[in-house]
Amino acid sequence: DQQVKQNSPSLSVQEGRISILNCDYTNSMFDYFLWYKKYPAEGPTFLISISSIKDKNEDGRFTVFLNKSAKHLSLHIVPSQPGDSAVYFCAASTTNAGNNRKLIWGLGTSLAVNP
Amino acid sequence: DAGVTQSPTHLIKTRGQQVTLRCSPKSGHDTVSWYQQALGQGPQFIFQYYEEEERQRGNFPDRFSGHQFPNYSSELNVNALLLGDSALYLCASSLDRYGYTFGSGTRLTVV
């Protein structure tokens, strides 16, 4: 049962355009969401996060939008650059008893930004 | 400032053998989590250690065990290896509930 879903395994965009990566989740208890970027042969690198009390968080070229009613979040990259080409993972977490967290991950979306 | 370091980077083992993977957390971090990432999949949570105790565990059999040392470093042990255990094993350290830093992983191949 995939609680975090990234339904597009790959995405290709032109340099300078907007990249939109989507993520859906099923567990309404998730209260914190993160996006990670992963290059081959490297571990995931934290990109941006959003708490469930917000609907938007922006950091430079990266913006994450959260729609709690639709259980949907998206990552916008504007403008896209060739160096953004990587696999992007959406992850979600909830605070359980003991106030600790674990991340539940989607399967990832491979983004290719073409020059 | 070193981030999360994992060793070894690559490992080949035979079915039925045992393996130990190691992780040194980022300086200042006290919590270590282990994830398994199979080819084409997202990382799957194995377990998390804090104050030398296993605090949370994912849906992995008892063949997977771990340990955290007083210096916060951690080991992941897998006994009776199966072909399906072949994956990238990622270690993540954190100080609070949100700031995870990942290592580059250990690529385990079971033949």
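Described below are features of the structure shown in this document. Numbers given to residues run from 1 along each chain, matching the order in which its sequence is written. Chain labels run from A onward and ligand labels from 1 onward, assigned in the order the entries are written. Owing to the predicted nature of the model, reporting of local features is limited to residues with pLDDT of at least 70; listing and counting of side-chain atom pairs is limited to 80 or more, with chain, interface and lining totals taken over all residues. With hydrogens and water set aside, each side-chain value is computed from the structure's full complement of heavy atoms.

Comments concerning unusual backbone geometry
Turning to step 1, where the next piece is worked out: Residues V78 of chain A and P79 of chain A are joined by a peptide bond in cis, for which omega reads -10°.
Turning to step 2, where the next piece is worked out: In this structure, P79 of chain A sits in the loop between β8 (72-77) and β9 (86-93).
Turning to step 3, where the next piece is worked out: Omega for the bond connecting S7 of chain B with P8 of chain B falls within 30 degrees of zero, at -10°, which places this linkage in the cis form.
Turning to step 4, where the next piece is worked out: Helix and strand labels come from DSSP, where a helix needs a run of H or I of at least four residues and a strand needs a run of E of at least two; each type is numbered from the N terminus. With respect to the helices and strands, the residue P8 of chain B is situated in the loop between β1 (5-7) and β2 (10-13).
Turning to step 5, where the next piece is worked out: Residues other than glycine seldom take positive phi values, yet E51 of chain B does so here, at roughly 50°.
Turning to step 6, where the next piece is worked out: By the secondary structure assignment, E51 of chain B is in the loop between β5 (44-50) and β6 (53-57).

Here's the deal with the state of the cysteines
Turning to step 1, where the next piece is worked out: Whenever a pair of cysteine sulfur atoms sits within 2.5 Å, that pair is classed as a disulfide. According to the stated counting rule, one finds two disulfides over all chains in the structure shown.
Turning to step 2, where the next piece is worked out: With a sulfur-sulfur separation of 2.0 Å, C23 of chain A is cross-linked through a disulfide to C90 of chain A. Every disulfide takes its handedness from the sign of the S-S torsion; for C23 of chain A and C90 of chain A that torsion is -75°, giving left-handed. Here C23 of chain A, found in strand β3 (residues 19-25), pairs with C90 of chain A, found in strand β9; they are 67 residues apart in sequence, far enough to count as distant.
Turning to step 3, where the next piece is worked out: C23 of chain B shares a disulfide with C91 of chain B; S-S distance 1.8 Å. Measuring the twist about the S-S bond at about -65°, one finds the C23 of chain B-C91 of chain B disulfide to be left-handed. Here C91 of chain B lies in strand β9 (residues 87-94) and C23 of chain B lies in strand β3 (residues 19-24), a separation of 68 residues in the sequence.

Notes on the interface of chain B and chain A
Turning to step 1, where the next piece is worked out: Residue contacts are counted whenever heavy atoms from the two residues lie within 4.5 Å of one another. Counting from both sides, the interface comprises 19 residues of chain B and, opposite them, 20 residues of chain A.
Turning to step 2, where the next piece is worked out: Simply put, the buried area is the total loss of 1.4 Å probe accessible area from both parts when two parts are fitted together. Around 1700 Å² of area is buried between chain B and chain A when both sides are counted, 55% of it from carbon and sulfur atoms.
Turning to step 3, where the next piece is worked out: Whenever two N or O atoms come within 3.5 Å, that pair is a polar contact, provided that in protein one can donate a hydrogen and the other can accept it, and provided that, for residues adjacent in sequence, both atoms are side-chain atoms. The interface formed by chain B and chain A includes one residue pair in polar contact (both at pLDDT 80 or more).
Turning to step 4, where the next piece is worked out: Elements with a contribution of two residues or more to the side of chain B that touches chain A: β4 (31-37), β5, β6 and β9 of chain B.
Turning to step 5, where the next piece is worked out: A total of three residues in the side of chain B that touches chain A trace back to one element, the largest contributor, which is β6 of chain B.
Turning to step 6, where the next piece is worked out: In this classification, Asp, Glu, Lys and Arg are treated as charged, Ala, Val, Leu, Ile, Met, Phe, Trp, Tyr, Cys and Pro as nonpolar, and every other residue, Gly included, as polar. A per-class count over the side of chain B that touches chain A returns eight nonpolar, eight polar and three charged.

Considering the packing of aromatic side chains
Turning to step 1, where the next piece is worked out: Side-chain rings of Phe, Tyr and Trp (the six-membered ring for Trp) are treated as a pair once their centres are within 6.5 Å; stacked means planes under 30 degrees apart, edge-to-face means over 60, and tilted covers the remaining angles. All chains considered together, the criterion is met by 13 aromatic pairs over all chains.
Turning to step 2, where the next piece is worked out: Judged by centre distance (6.0 Å) and plane angle (75°), the ring pair of W105 of chain A and Y35 of chain B falls under edge-to-face. Of this pair, W105 of chain A sits in strand β10 (residues 104-105) while Y35 of chain B sits in strand β4, each in a different chain. Of the two residues, W105 of chain A and Y35 of chain B, neither departs from the other in class, the shared state being buried.
Turning to step 3, where the next piece is worked out: When the ring of Y35 of chain B is compared with that of F102 of chain B, the centres are 5.7 Å apart and the planes differ by 50°; the resulting orientation is tilted. You can see Y35 of chain B sitting in strand β4 and its partner F102 of chain B sitting in strand β10 (residues 101-102), a full 67 residues away along the chain.
Turning to step 4, where the next piece is worked out: An aromatic cluster of at least three residues, connected via ring pairs, comprises Y36, F46, F89 and W105 of chain A together with Y35, F45 and F102 of chain B. Only protein chains enter the accessibility calculation, which uses a 1.4 Å probe; a residue whose area is less than 20% of its type maximum is buried, one above 50% is exposed, and one in between is partly exposed.

Examining the sheet that holds strand β7 (residues 64-68) of chain B
Residue and element names in this part refer to chain B.
Turning to step 1, where the next piece is worked out: Judged by pairing direction, the sheet is antiparallel, and its four strands sit side by side in the order β1-β3-β8-β7 without closing on themselves. The outermost strands of the open sheet, each flanked by one partner alone, are β1 and β7. The average angle at which neighbouring strand axes cross in this sheet is 20°, direction not considered.
Turning to step 2, where the next piece is worked out: Bridging between β3 and strand β8 (residues 74-78) involves five bridges; their strand directions are antiparallel. Residue pairing for β8: V19 is matched across the bridge by V78. Should DSSP find at least two bridges between two strands, the strands are taken to pair. Axis definition: a line fitted to C-alpha atoms, over the contacting stretch in the case of helices. Angles run 0 to 180 degrees between N-to-C directions.

A look at the nonpolar core
Turning to step 1, where the next piece is worked out: To define a nonpolar core, start from buried Ala, Val, Leu, Ile, Met, Phe, Trp, Tyr and Cys residues and group those joined through side-chain atoms within 4.5 Å. By size, the foremost hydrophobic cluster in this structure holds 23 residues, and its most contacted members are F33, W35, L73, L75, I77 and Y88 of chain A.
Turning to step 2, where the next piece is worked out: The set of elements that each furnish at least two residues to this core consists of β3, β4 (32-38), β5 (45-51), β7 (62-67), β8, β9 and β11 (109-114) of chain A.
Turning to step 3, where the next piece is worked out: Sort the elements by how many residues they give to this core and β9 of chain A lands first, with four residues.
Turning to step 4, where the next piece is worked out: Non-local contacts of L75 of chain A, meaning those with residues more than four positions away in its chain, are made with S19, I20, L21, W35, L47, I48, F62, T63 and Y88 of chain A.
Turning to step 5, where the next piece is worked out: Counting 20 residues, the second-largest nonpolar core is a separate cluster that includes L11, V32, Y49 and L108 of chain B.

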